[in-house]
Amino acid sequence: MSREHDEIDWPQVHALIDRHCREDRWTLIPLVQEIQKECGYIHPEAIPIIADRLKTFPSVVQGVISFYAQLYTEPRGRNTIRVCRGTACHVRGGKTILKLVKQHLGIDEGETTDDLEYTLETVACIGVCALAPSMMINQQVYGGMNPKKVGQLLKRKDEDHDPA
Ligand code: FES
């Protein structure tokens, strides 16, 4: 499957590595953060290159990336949808909301659509239990979700991305 963001700007990645790598593994976290900021994610092929420059093992670099939930080794969607799977949402139909979002996007949780518009995640609690069931699109929280509202929200979001 080809994805537009698989096109990594390798000269840029190497320039970032040059800037950060001083044979000090403590530069690792700022380096991978900056690569992700510039490229959208940390390409797995960059891991052995970083390890080599920091004179450490690829498993150490991979371990740090895996430890931080905000670091990714796969392309992410431009929009992140988070559906709450907490207890309050669950008892008020959260499972149905998640199923509908999955159906609409054609992906499972943890996946990204092929056009890189959406990444779908679930979270333990969004923090608005009184509004259950709830979900988020990027930083915007939506409560009192129901099947109709899911359809409207995702349709509106799709239209936002249609070229005018
Ligand atoms: S359980 Fe869903 S917002 Fe808290």
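Thresholds applied
Residues numbered from 1 in each chain as written. Predicted model: local features only at pLDDT ≥ 70, side-chain atom pairs only at ≥ 80, totals over all residues. Helix = DSSP H or I, 4+ residues; strand = E, 2+ residues; numbered from the N terminus. Buried ≥ 20, exposed ≤ 12 C-beta atoms within 10 Å, placed from the backbone. Contact = placed C-beta atoms within 7 Å. Domains from an automatic or database assignment. Expected span 1.5 Å × (residues − 1). Arc of directions from axis to C-beta. Pairing = 2+ DSSP bridges. Axes fitted to C-alpha atoms, helices over the stretch in contact; angles between N-to-C directions. Parallel < 35°, antiparallel > 145°, perpendicular 65-115°, else oblique. Left-handed = near helix turned anticlockwise from the far one by under 90°. Nonpolar A, V, L, I, M, F, W, Y, C, P; charged D, E, K, R; others polar.

Draft legend 1. Seen up close, the overall build of the protein chain. On a plain count of helices and strands, the protein chain comes out with 7 helices and 4 strands. The order of helices and strands in the protein chain, counted from the N terminus, is α-α-α-α-β-α-α-β-β-β-α. Going through the 164 residues of the protein chain one by one, you find that 21% of them count as buried. For the protein chain, contacts bridging at least 24 residues in sequence account for 61% of all contacts bridging at least 6.

Draft legend 2. How the structure looks around the domain arrangement of the protein chain. In terms of domains, the protein chain is made up of domain 1 (4-67) and domain 2 (79-161). Relative to domain 2, the C-alpha centre of domain 1 lies at a distance of 31 Å.

Draft legend 3. Quick peek at helix 2 (residues 28-39). For helix 2, which comprises 12 residues, the first-to-last C-alpha distance of 16 Å matches the rise-based estimate of 16 Å (1.5 Å per residue) to within 8%. Taken as a whole, helix 2 has its buried residues at Leu28, Leu31, Val32 and Ile35. Viewed along the axis of helix 2, the buried residues span an arc of 90 degrees, placing them on a single side of the element. The exposed residues of helix 2 that point more than 90 degrees off its buried face are Pro30 and Lys37. The inward-facing, buried residues of helix 2 contact helix 1 (10-20), helix 3 (46-53) and helix 4 (58-67). The positive-phi residue at the C-terminal boundary of helix 2 is Gly40, with phi of around 95 degrees.

Draft legend 4. Broad picture of the sheet that holds strand 2 (residues 118-123). The mixed open sheet is built from 4 strands, whose spatial order is 2-1-3-4. Since the sheet does not close on itself, it has two edges, and those belong to strand 2 and strand 4 (140-142), each with one partner. Taking each pair of neighbouring strands and ignoring which way they run, the sheet shows an average axis angle of 20 degrees.

Draft legend 5. Seen up close, the packing of helix 1 against helix 2. Close contact between helix 1 and helix 2 brings their axes to 10 Å; oriented N to C, the two are set at 155 degrees. Here helix 1 is positioned roughly antiparallel relative to helix 2, judged by the angle of their axes. In the packing of helix 1 onto helix 2, the handedness of the crossing is right-handed. When helix 1 is examined against helix 2, the residues Gln12, Val13, Leu16, Ile17 and His20 are found in contact with a partner set consisting of Pro30, Leu31, Glu34, Ile35, Glu38 and Cys39. For the contact of helix 1 with helix 2, the per-class residue count stands at 7 nonpolar, 2 polar and 2 charged.

Draft legend 6. Just the environment of Pro48, in detail. Here Pro48 shows up in helix 3. Pro48 gets classed as partly exposed once you count the C-beta atoms within 10 Å, which come to 13. Residues Pro48 and Ser59 lie 11 residues apart in sequence; the distance between their C-alpha atoms is 8.7 Å.

Draft legend 7. Structural view of the pairing of strand 1 (residues 79-84). Where strand 1 and strand 2 come together, 6 bridges link them in parallel fashion. Opposite Arg82, over in strand 2, you have Glu121 as the bridge partner. Relative to strand 3 (residues 135-137), strand 1 is paired through 3 bridges, and the arrangement is antiparallel. The residue of strand 3 that forms the bridge with Arg82 is Met136.

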